[in-house]
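Report on the structure
Each chain, letter by letter, is given below.
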Amino acid sequence: MVQRTLSIIKPDAVQKNAVGAILKYFEDAGLKIRALKMMKLSTEEAKAFYIVHRERPFYNELATFMSEGPIVPLVLEGEDAIKRVRDIMGATNPKDAAPGTIRATFATNIERNAVHGSDSEKSAAYEIPFFFSALEMPEI
Ligand code: UDP
Ligand code: MG
């Protein structure tokens, strides 16, 4: 099934000059970039994005990290895009991420792990319109 998924190049990866390298992983896998921008979240906006994690011990720190500098949110489209993006990203903790994945290559630790990817259709349905209006994601 053709799906859309929300990815974010996180502040650590933007800071490392890895935006182009990370986009290349997705494009080389045949995924289509359907929307893309650079922006900076407030801590409150980062908390709203990660609202599902509000009870987790890392929630406040995560929101601080995600608002420390610019991020690059993007929408990717393709067959099975949600799972494929997660596979290309690698495990949350870079210590567990398979060699050749984005996180194995660019993550610093379990928090500063370079990229986000929606984990389900339900998450994608919340996360895509969180960042992109219809005007910012034109139908091709
Ligand atoms: N995170 C963290 N500590 C943890 C687990 C996660 O700081 O113990 C951060 C990390 O940046 C991660 C994000 O919280 O990407 C969301 O966590 P999730 O479990 O949803 O991982 P993901 O779906 O990003 O792999
Ligand atoms: Mg997640």
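For the structure itself, look to the data block above.
Cut-off values and rules
- Residues numbered from 1 in each chain as written.
- Chains lettered and ligands numbered in written order.
- Predicted model: local features only at pLDDT ≥ 70, side-chain atom pairs only at ≥ 80, totals over all residues.
- Heavy atoms only, no water.
- Near = heavy atom within 4 Å.
- Polar contact = N/O pair within 3.5 Å; in protein donor to acceptor, adjacent residues only side chain to side chain.
- Areas by Shrake-Rupley, 256 points an atom, 1.4 Å probe, with all protein chains shown as cover.
- 1 Å grid on protein atoms, 1.4 Å probe; cavity = no way out; pocket = protein on both sides within 12 Å on 5 of 7 lines; lining within 4 Å.
- Sits in = over half its atoms within 2 Å of the grid points.
- Nonpolar A, V, L, I, M, F, W, Y, C, P; charged D, E, K, R; others polar.
- Pairing = 2+ DSSP bridges.
- Helix = DSSP H or I, 4+ residues; strand = E, 2+ residues; numbered from the N terminus.
- Axes fitted to C-alpha atoms, helices over the stretch in contact; angles between N-to-C directions.
- Contact = heavy atoms within 4.5 Å.
- Salt bridge = Lys/Arg side-chain N within 4 Å of Asp/Glu carboxyl O.
- Phe/Tyr/Trp six-rings, centres within 6.5 Å; stacked < 30°, edge-to-face > 60°.
- Buried < 20%, exposed > 50% of the residue type's maximum accessible area, 1.4 Å probe, protein only.
- Core = buried A, V, L, I, M, F, W, Y, C linked by side-chain atoms within 4.5 Å.

Neighbouring ligand 1 are K10, Y50, H53, F58, L62, R86, T92, R103, I110, E111 and N113. For ligand 1, an oxygen atom lies 2.5 Å from a polar atom in the side chain of T92. The contact in question runs from an oxygen atom of ligand 1 to an N or O atom on the side chain of N113, over 2.9 Å. Contact with the protein chains covers 83% of the free accessible surface of ligand 1, which is 500 Å². Under a 2 Å grid-point criterion requiring more than half of the atoms, the pocket assigned to ligand 1 is the largest pocket. Considered class by class, the residues forming the shell around ligand 1 number 4 nonpolar, 3 polar and 4 charged.

In this section: the sheet that holds strand β1 (residues 2–9). Sheet architecture is open: 4 strands sit in the order β2-β3-β1-β4, paired in antiparallel fashion. Because the sheet does not close on itself, it has two edges, and the strands there are β2 (32–36) and β4 (115–117). Direction aside, neighbouring strands of the sheet carry axes that sit 25° apart on average. Each of β1, β3 (72–79) and β4 touches helix α7 (residues 121–131); the most contacted strand, β1, lies at about 60° to it.

With that settled, the discussion passes to the pattern of salt bridges. One pass over the structure, following the stated rule, counts 7 salt bridges. Measuring nitrogen to oxygen at the nearest pair gives 2.7 Å for the salt bridge that ties R4 to E77. Within this pair, whereas R4 is found in strand β1, its partner E77 is found in strand β3, the two being separated by 73 residues in sequence. Among the ionic pairs, E77 bridges to R34, the shortest N-O distance being 2.8 Å.

Under the definition given, this model contains 6 aromatic pairs. Ring centres of F49 and F130 lie 5.4 Å apart, and the angle between their planes is 65°; this geometry places the pair in the edge-to-face category. In this pair, F49 sits in helix α3 (residues 43–49) while F130 sits in helix α7, placing the two residues 81 residues apart along the sequence. Taking the centre distance of 5.1 Å and the plane angle of 70° together, the rings of F130 and F131 count as edge-to-face. F130 sits in the partly exposed class, given a relative accessible area of 28%. Accessibility expressed as a relative area gives 4% for F131, which makes it buried. Each residue in the set F49, Y50, Y126, F130 and F131 is aromatic and connected to the rest through ring pairs, giving one cluster.

For the rest of this paragraph, the subject is the nonpolar core. Inside soluble globular proteins, nonpolar side chains tend to come together where they are buried. Membership of the largest hydrophobic core comes to 20 residues, with the highest contact counts inside it found for L6, I8, M66, V75 and F131. If you list the elements that add at least two residues to this core, you get β1, α3, α4 (59–66) and α7. In terms of residues, this core owes the most to one element, α4, which gives 5 residues. With 19 residues, the next largest nonpolar core counts L31, V72, V85 and I88 among its residues.

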